Amino acid sequence: MFLDIKTNERMELIDITNDVKEQVSKSGVEQGICVVSTPHTTTSVFVNEKESGLRFDILNLLERLVSPSAGYQHDRIDDNADSHLKAVLLGSSETIPIIDGKLVLGTWQSIFFAEMDGPRHRKVNITIIRQN
């Protein structure tokens, strides 16, 4: 299964929690795990709080840690090294337990897709594994 995502900004965080929950529900799996991953090297998937100030802070932190114009070697090819490096910091997948047919997330946890080199059309893979 996968989600199609259209991003609108060079860097943005998109809450995909409800989309992933819907896929888990459709699967009929009661006990297992859900792996959410991105096949793109300039995007990430991570779990954190949805609060708007924190979302701003995450993007701001990434910009401060990885400057877009620091003279990276990769920029000789396609001028997006900072996007790759930011994605490395956040990671490309999350594994979330499924219990009683529902994702097990904390009270404040949401699943985010992070775009670092948009706007683009992207895919997110959702793999649901049933526990025997």
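See the structure printed just above.
Here is what the cut-offs are and how they apply
- Residues numbered from 1 in each chain as written.
- Predicted model: local features only at pLDDT ≥ 70, side-chain atom pairs only at ≥ 80, totals over all residues.
- Heavy atoms only, no water.
- Helix = DSSP H or I, 4+ residues; strand = E, 2+ residues; numbered from the N terminus.
- Rg over C-alpha atoms; globule rule 2.2 N^0.38 Å.
- Buried < 20%, exposed > 50% of the residue type's maximum accessible area, 1.4 Å probe, protein only.
- Core = buried A, V, L, I, M, F, W, Y, C linked by side-chain atoms within 4.5 Å.
- Contact = heavy atoms within 4.5 Å.
- Axes fitted to C-alpha atoms, helices over the stretch in contact; angles between N-to-C directions.
- Parallel < 35°, antiparallel > 145°, perpendicular 65-115°, else oblique.
- Left-handed = near helix turned anticlockwise from the far one by under 90°.
- Nonpolar A, V, L, I, M, F, W, Y, C, P; charged D, E, K, R; others polar.
- Phe/Tyr/Trp six-rings, centres within 6.5 Å; stacked < 30°, edge-to-face > 60°.
- Patch = residues over 30% accessible without salt bridge, like charges linked within 9 Å, V, L, I, M, F, W, Y side chains within 5 Å.
- Areas by Shrake-Rupley, 256 points an atom, 1.4 Å probe, with all protein chains shown as cover.
- Salt bridge = Lys/Arg side-chain N within 4 Å of Asp/Glu carboxyl O.
- Pairing = 2+ DSSP bridges.

K.L.:
Got a minute to help me understand the overall build of the protein in this structure?
P.N.:
The helix and strand inventory of the protein stands at four helices and eight strands. For a compact globule of 132 residues, the expected C-alpha radius of gyration is about 14 Å, and the protein comes in at 16 Å, within 12% of that figure. Reported as C-alpha extents along the three principal axes, the dimensions of the protein are approximately 50 × 30 × 25 Å. By the burial criterion, 40% of the 132 residues in the protein qualify as buried.

K.L.:
Sorry if this is basic, but what is going on with the nonpolar core here?
P.N.:
One recurring pattern in soluble globular proteins is that nonpolar side chains are buried together. Core analysis: the biggest nonpolar cluster contains 19 residues, and I16, V20, C34, V36, L103 and I111 have the highest contact counts within it. Here the element with the most residues in this core is strand β8 (residues 121-130); it accounts for three residues. Contact partners of I16, with chain neighbours within four places excluded, come to L3, I5, V36, I111, F112, F113 and V124. Grouped together as the second largest cluster of nonpolar side chains are nine residues, L13, F46, I58 and M116 included.

K.L.:
Looking at this structure, I do not really get the packing of helix α2 (residues 52-65) against helix α4 (residues 81-90). What am I missing?
P.N.:
Direction vectors running N to C along α2 and α4 enclose 125 degrees, while the axes themselves pass 10 Å from each other. Relative to α4, α2 is oriented oblique. Where α2 crosses over α4, the two elements pack in a sense that is right-handed. On α4, the residues that touch L62, E63 and L65 of α2 are K86, L89 and L90. Residue composition of the contact of α2 with α4, grouped by class: four nonpolar, no polar and two charged.

K.L.:
Before we go on, may I ask you to explain the packing of aromatic side chains in this structure?
P.N.:
When we look at a pair of aromatic rings, we describe it by the centre distance and by the angle of the planes. In total, this model carries one aromatic pair according to the counting rule given. Residues F46 and F112 carry aromatic rings whose centres are separated by 5.4 Å and whose planes lie at 20 degrees to one another, so their mutual orientation is stacked. Placement of the pair is F46 in strand β4 (residues 43-49) and F112 in strand β7 (residues 109-115), with a sequence separation of 66 residues. One exposure class covers both F46 and F112, and it is buried.

K.L.:
What is the right way to look at a nonpolar patch on the surface in this model?
P.N.:
Taken together, the side chains of L61, L65 and L89 define a hydrophobic patch exposed on the protein surface, amounting to about 290 Å² of accessible area. Following the sequence through the fold, L61 ends up in helix α2.

K.L.:
Would you take a moment to explain the sheet that holds strand β5 (residues 93-99) for this structure?
P.N.:
Strands pair in a sheet through their backbones, by hydrogen bonds, and they do so in one of two ways: parallel or antiparallel. What the five strands build is an open sheet, ordered β1-β8-β3-β5-β6; its pairing is antiparallel. In this open sheet, the two strands that pair with only one neighbour each are β1 (2-6) and β6 (102-103). Of the pairings in the sheet, the one linking strand β3 (residues 31-37) to β5 comprises seven bridges and is antiparallel in character. When the sheet's bridge partners are listed, S37 is paired in β5 with S93. Of the strands in this sheet, β1, β3, β5, β6 and β8 are in contact with helix α1 (residues 17-27), which crosses β8 at around 40 degrees.

K.L.:
Which parts of the structure should I look at to understand the sheet that holds β7?
P.N.:
Pairing within the open sheet is antiparallel, and its three strands lie in the order β2-β7-β4. Each of the sheet's edge strands pairs with one partner strand only, and the pair in question is β2 (12-15) and β4. The average undirected angle you get between the axes of adjacent strands in this sheet is 35 degrees. Pairing analysis gives seven bridges linking β4 to β7, with the strands arranged antiparallel. Bridged to V45 within β7 is F113. The strands touched by α2 within the sheet are β2, β4 and β7, with β2 carrying the most contacts at an inclination of about 140 degrees. Sheet strands touched by α4: β4 and β7. Its angle to β4, the strand with the most contacts, is close to 45 degrees.

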